[in-house]
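Each chain is listed here by its residues.
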Amino acid sequence: MFRYYVSYATSEGGFTMGSVDITRPVPITGRADFPAIIETINEVSGRTLPSLMILGFSLYMSAPSSPQHSSADRRAPRGR
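Residues numbered from 1 in each chain as written. Predicted model: local features only at pLDDT ≥ 70, side-chain atom pairs only at ≥ 80, totals over all residues. Heavy atoms only, no water.

> Kindly report on the sheet that holds strand 1 (residues 2-10), identifying the contributing residues and their values.
The strand order 2-1-3 describes an open sheet built from three strands, whose pairing is antiparallel. With one partner strand each, in any of the chains shown, strand 2 (16-24) and strand 3 (53-62) form the two edges of the open sheet. Going across the sheet, the axis of each strand differs from the next one's by a mean of 20 degrees, ignoring polarity. The pairing of strand 1 with strand 2 spans nine bridges and is antiparallel. The partner of Val 6 across the bridge, within strand 2, is Val 20. Against the sheet, helix 1 (residues 34-45) contacts strand 1, strand 2 and strand 3, and its axis sits at roughly 105 degrees relative to strand 2. (Pairing = 2+ DSSP bridges. Helix = DSSP H or I, 4+ residues; strand = E, 2+ residues; numbered from the N terminus. Axes fitted to C-alpha atoms, helices over the stretch in contact; angles between N-to-C directions. Contact = heavy atoms within 4.5 Å.)

> Which residues make up the nonpolar core, and what values go with them?
Ranked by size, the top nonpolar core spans 12 residues in total: Tyr 4, Val 6, Tyr 8, Val 20, Ile 22, Ile 28, Phe 34, Ile 37, Ile 41, Leu 49, Leu 52 and Ile 54. Sorting the residues of this core by element identifies strand 1, strand 2 and helix 1 as the ones contributing at least two each. (Core = buried A, V, L, I, M, F, W, Y, C linked by side-chain atoms within 4.5 Å. Buried < 20%, exposed > 50% of the residue type's maximum accessible area, 1.4 Å probe, protein only.)

> Could you give me a rundown of the pattern of salt bridges, with the residues and numbers involved?
Per the stated rule, a full pass over the model turns up two salt bridges. The salt bridge involving Asp 21 is made with Arg 3; its shortest N-O contact spans 3.3 Å. With Asp 21 in strand 2 and Arg 3 in strand 1, this residue pair connects regions lying 18 residues apart in the sequence. With relative accessibility at 30%, the residue Arg 3 sits in the partly exposed group. Between Asp 33 and Arg 24 there is a salt bridge, with its nearest N and O atoms 3.7 Å apart. (Salt bridge = Lys/Arg side-chain N within 4 Å of Asp/Glu carboxyl O.)

So, in C-alpha cells, the structure goes:
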C-alpha cells in the first residue's frame, strides 16, 4: 500500500485549498491517476467539489511487499 499526502484546490465559495491523506494499492505514476484521486477526495468530502485541481502530492509511506521485520533484525551483532 502507498500512502500519499495530496494538496488540492477548488473554487467552492471562492478559492479554497485543502489536503487529504490517501492510501492506494498502487503508486501514483502520473496525471492519468488524477481522476481516481479526485474521485476519492469527492468521496471523502461527501460531495462533488467544483473545479477540483490537484496541486501536488507526496509519498510518505509505502509498505514493502514482504513481511516487515524490525530494524533490530537487520543490525549487525554488537561486540562487548
